Amino acid sequence: MFMGNRVGIGAVTAALASFGISVDTRADVQTAIYLAPEAFSYKIRHMPDLDQRRLLLPGQGAMYCVPTGTMNLLAYAADHGFASLSPGDRNWQLAENYNDMTNFIYDLGEIMDTDEVNGTGSPYGATYVWMLLNQAPLVVTHYHKTDSWIPKIQNLVKTAVQNQSVVAFAYGRYRLLSELPGFITVGNRASGHMVTLSEAQRFGSDIRIGVRDPADEAQNGLYLLTQSPFMTRVFNNVQERLVFFDDGTFATSTLLQFPISGTNVAIIDSYLAIRPMQGYGWSPGGIIIVPAFAGFLGGAGGSNPEPQNITFEAQSLLVDAILAPEGDASYVLLGAADGVQETLACVDHTDGTLKTINNYAGASQLVSGRNRELYIMQPEIISCVDVDGVEPAEISSAFVPVPPRGMAYNDATDQLLVLLPLTNQIALYRQGLPDGVGPTMVNIPMNIPMEGDGSIAVNPADGLIAFATQTSHSIYTVNLNGPAGVHVEEIALPEITEPTGLSFSDQGDLFAKTADGVVQLRRNPLNGQWQLVEEPLFGDLAMQLNDFQVTCSRTNYDPIIHSGPGYNNFEPSENDELFSADTFVLDCNADLNGDGVVNGADLAALLAAWGSCDICLADVNGDRVINGTDLANLLSAFGPCPVLE
């Protein structure tokens, strides 16, 4: 098992510099504790609270909650290690920066196709494009409610804590149809609203959620030309209830207010998370996850995060492992000693507990689809499993004409790619492996060596396919849409030896595990040739792993569903009909220990941390130095933190 190695943080820092990225590791996560679904605490400071209502936005910004809520995350990331990421590292409460931020929100809304009447369908595509344009090694994840899964507050907090993410979520406004003890029934989703997670606590059934609400300034209408004070909207009466939806699905869901006031219910039903890119792999002893950047939790522990080692009790050999959609768990294949029976299981990253799902004889690889389904490769069959249900269930399966040797999923086309070396082919299966629908076969020229086990990957930037097999020290790329049809090129470099574990980053860089570690390849824009990145991210990681992958951005957004009327935004004033017991808490950055009051304990913490700093929660005004200004701010704030009813 790979233990204790810091994976060359200096090399990671140097590689990040090749992106033109600042690697300041300052973070403002005050509390990050996740013990169980019923016990967690999370609080982040200096998260922007930008206003969507702006005089110069179309419709005065009434429908701009999605670009504004997303911009909160982008601005936080820019201020916490990614200074080259627009909108840059600035204090967005200052009046001098207000017009610039209005322009940034407008630009993001343009990419999102935000409509001044109906709002925004999805923040994913624009956020992905925005980060690509800035060459930021960040990953965005965006998932909507499905037939068998709905995000609950514990999922969002676990994503923030375990996966070192900053998170925004949307809640839908659902029509209440009936309410019975223990569960409710709701009608269509009428509209929704996006907010940014800033804190959450749960102890048993007592749940409290704090958000940066882009519409919270709308209560008085004074802030159309200047930024309102940063504050947190706190939902104090959050409950989880079994909800029956009008589409026939049901799931335990997070209601932002209970008992319900009025005729509509606010239910969390999608989330957007941004985190630094990660590399991960496995060895017989467990799973290792390494961030390419220190992440947004640096302030919680006071130092750069260590590589995460996930070990678990298992009486079997680890055959394959992949991260779950939220990155807070892994799906693993465990092989019996006799090599006959393989078991699919889920490993919780919090405590390493192992939950068995099912047995699959001869299974050798796992791949996840963007719609949260899981594909399992067996000697003659590919199985598709819904792992989100109360009881994970097989959706379908497909016969494979010859033994498959590798799989990958193309998010852009919703196709499963299966490598078939025996016939020099790649089979393209439709998402979900529908019955009666066979694969489309891609023929690879017979002079290309394809024998033995292999690896295959798809570039999310342009759909280019890369594969490698045991018979060659080269990697081959396949363009399915070349001028003359299928076009295959060879990447042959001395540093590429026994390549496996192929994967692409969002930026289009190709990573491969070799006999000597990870190589990172980047296409030269001038001549189109693939070249080695001299100091690759994760360069010394893969030597001690059986496989290697990098994380990429993903979403299950479906324009047919999620751009319909039910996913329109609602007017900020409509929040009043949903909530009657929420409160507004002004930022209290001088409360260094997060106990709701500024007192001698906070003063002692500030004096003890005096001076310049990269990671320090005692930095009251966020300027990376603790000095007389911070002391003055703290002394002027002595007493209970203010609350606006």
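Residues numbered from 1 in each chain as written. Predicted model: local features only at pLDDT ≥ 70, side-chain atom pairs only at ≥ 80, totals over all residues. Heavy atoms only, no water.

Draft legend 1. Structural view of the packing of helix α8 (residues 600-608) against helix α9 (residues 628-636). It is at 11 Å that the axes of α8 and α9 come closest, and there the two elements cross at 180°. The angle between α8 and α9 places the two elements in the roughly antiparallel class. Listed contacts from α9 to Asp-602, Leu-603 and Leu-606 of α8 are Asp-630, Leu-631 and Leu-634. Considered class by class, the residues forming the contact of α8 with α9 number 4 nonpolar, no polar and 2 charged. (Axes fitted to C-alpha atoms, helices over the stretch in contact; angles between N-to-C directions. Helix = DSSP H or I, 4+ residues; strand = E, 2+ residues; numbered from the N terminus. Parallel < 35°, antiparallel > 145°, perpendicular 65-115°, else oblique. Contact = heavy atoms within 4.5 Å. Nonpolar A, V, L, I, M, F, W, Y, C, P; charged D, E, K, R; others polar.)

Draft legend 2. The pairing of strand β22 (residues 415-420), seen in detail. Across the 6 residues of β22, 6 count as buried, placing the element largely inside the fold. Of the two faces of β22, the one carrying Gln-415, Leu-417 and Leu-419 and the one carrying Leu-416, Val-418 and Leu-420 are both buried. As judged from the 5 bridges shared by strand β21 (residues 406-410) and β22, these two strands associate in the antiparallel manner. Residue pairing in the sheet places Asn-410 in a bridge with Gln-415 of β22. Between β21 and β22, which follow one another and run antiparallel, lie 4 residues, and Asp-414 among them has a positive phi close to 50°. When β22 meets strand β23 (residues 425-430), the two strands line up antiparallel, connected through 6 bridges. Paired with Leu-419 across the two strands is Ile-426, which belongs to β23. (Buried < 20%, exposed > 50% of the residue type's maximum accessible area, 1.4 Å probe, protein only. Pairing = 2+ DSSP bridges.)

Draft legend 3. Representation of the sheet that holds β21 in the model. In space, the 4 strands of this open sheet follow the order β21-β22-β23-β24, with antiparallel pairing throughout. One side of each edge strand has no neighbouring strand; the edge strands of this open sheet are β21 and β24 (440-443). The sheet shows a mean angle of 25° between the axes of neighbouring strands, direction not considered. Judged from the 4 bridges that link them, β23 and β24 form a sheet pairing that is antiparallel.

Draft legend 4. Focus on the side chain of Arg-45. Mapping Arg-45 onto the fold places it in the loop between β2 (39-44) and α2 (65-78). On the accessibility criterion, Arg-45 (4% relative accessible area) is buried. From its side chain, Arg-45 meets the backbone oxygen of Asp-619 in a polar contact 3.5 Å long. (Polar contact = N/O pair within 3.5 Å; in protein donor to acceptor, adjacent residues only side chain to side chain.)

Draft legend 5. Quick peek at the side chain of Asn-410. Within the secondary structure, Asn-410 is located in strand β21. With relative accessibility at 11%, the residue Asn-410 sits in the buried group.

Draft legend 6. How the structure looks around the pairing of strand β27 (residues 475-482). Two strands pair when backbone bridges link them, and strand β26 (residues 465-469) and β27 are joined in this way by 3 bridges, in the antiparallel orientation. Residue pairing across strands places Ala-466 opposite Thr-477, the latter belonging to β27. Hairpin remark: β26 followed by β27, antiparallel, with 5 residues in the connecting loop. Relative to strand β28 (residues 485-491), β27 is paired through 6 bridges, and the arrangement is antiparallel. Note that in β28 the partner of Gly-482 across the bridge is Gly-485. If you look at the hairpin formed by β27 and β28, you'll find 2 residues sitting between the two strands.

Draft legend 7. Quick peek at the pattern of salt bridges. Summed over the entire model, instances satisfying the criterion amount to 16 salt bridges. Between Arg-233 and Asp-213 there is a salt bridge; the shortest N-O distance is 2.8 Å. With Arg-233 in strand β7 (residues 231-244) and Asp-213 in the loop between β6 (206-212) and β7, this residue pair connects regions lying 20 residues apart in the sequence. Across this residue pair, the class does not change: Arg-233 and Asp-213 are buried. Overlapping salt bridges bring together Asp-213, Arg-233 and Asp-582 as one network. (Salt bridge = Lys/Arg side-chain N within 4 Å of Asp/Glu carboxyl O.)

Draft legend 8. Up close: the sheet that holds strand β25 (residues 454-458). Taken together, 4 strands build an open sheet; the order of strands is β25-β26-β27-β28 and the sheet is antiparallel. With one partner strand each, in any of the chains shown, β25 and β28 form the two edges of the open sheet. Strand-to-strand twist of the sheet, defined as the mean angle between neighbouring strand axes without regard to direction, takes the value 20°. Pairing of β25 with β26, which is carried by 5 bridges, proceeds in the antiparallel orientation. Residue Val-458 lies in a different strand from β26, and its bridge partner there is Ile-465.

Draft legend 9. How the structure looks around the packing of aromatic side chains. Taken as a whole and assessed by the stated rule, the structure comprises 16 aromatic pairs. Measuring from centroid to centroid gives 5.6 Å for Phe-467 and Tyr-476, while their planes differ by 25°, and the two rings are stacked. Tyr-476 carries the same exposure label as Phe-467, and that label is buried. Relative to Phe-538, the ring of Phe-511 lies with its centre 6.2 Å away and its plane at 55°, an arrangement referred to as tilted. Taken as a pair, Phe-511 in strand β30 (residues 510-514) and Phe-538 in the loop between β32 (530-532) and β33 (547-550) lie far apart in primary sequence, 27 residues in all. For Phe-538, a relative accessible area of 0% puts it in the buried group. Through a chain of ring-to-ring contacts, three or more aromatic side chains come together here, namely Tyr-171, Phe-235, Phe-570 and Phe-579. Across the ring face of Phe-245, the terminal group of Lys-145 is positioned such that the distance to the ring centre comes to 4.4 Å. Over the aromatic face of Phe-258 sits the side chain of Arg-241, whose NZ or CZ is 4.2 Å from the ring centroid. (Phe/Tyr/Trp six-rings, centres within 6.5 Å; stacked < 30°, edge-to-face > 60°. Lys NZ or Arg CZ within 6 Å of the ring centre and 35° of its normal.)

Draft legend 10. How the structure looks around the state of the cysteines. For the structure on display, the rule yields 1 disulfide. For Cys-588, the disulfide goes to Cys-641, at an S-S distance of 2.0 Å. Taking the torsion about the S-S bond as the criterion, the Cys-588 to Cys-641 disulfide, at about -70°, is left-handed. Separated by 53 residues along the polypeptide, Cys-588 in the loop between β35 (583-586) and β36 (597-598) and Cys-641 in the loop between β39 (639-640) and β40 (643-644) bring together distant segments of the chain. Residue classification places Cys-641 among the buried positions, given a relative accessible area of 13%. (Disulfide = S-S within 2.5 Å.)

Draft legend 11. Structural view of the packing of α2 against helix α3 (residues 98-112). Close contact between α2 and α3 brings their axes to 9 Å; oriented N to C, the two are set at 115°. Between α2 and α3 lies a crossing of right-handed hand. On the side of α2, the interface is formed by Val-66, Pro-67, Thr-68, Thr-70, Met-71 and Leu-74, while α3 contributes Met-101, Phe-104, Ile-105, Leu-108, Gly-109 and Met-112. Across the contact of α2 with α3, the residue classes break down as 9 nonpolar, 3 polar and no charged. (Left-handed = near helix turned anticlockwise from the far one by under 90°.)

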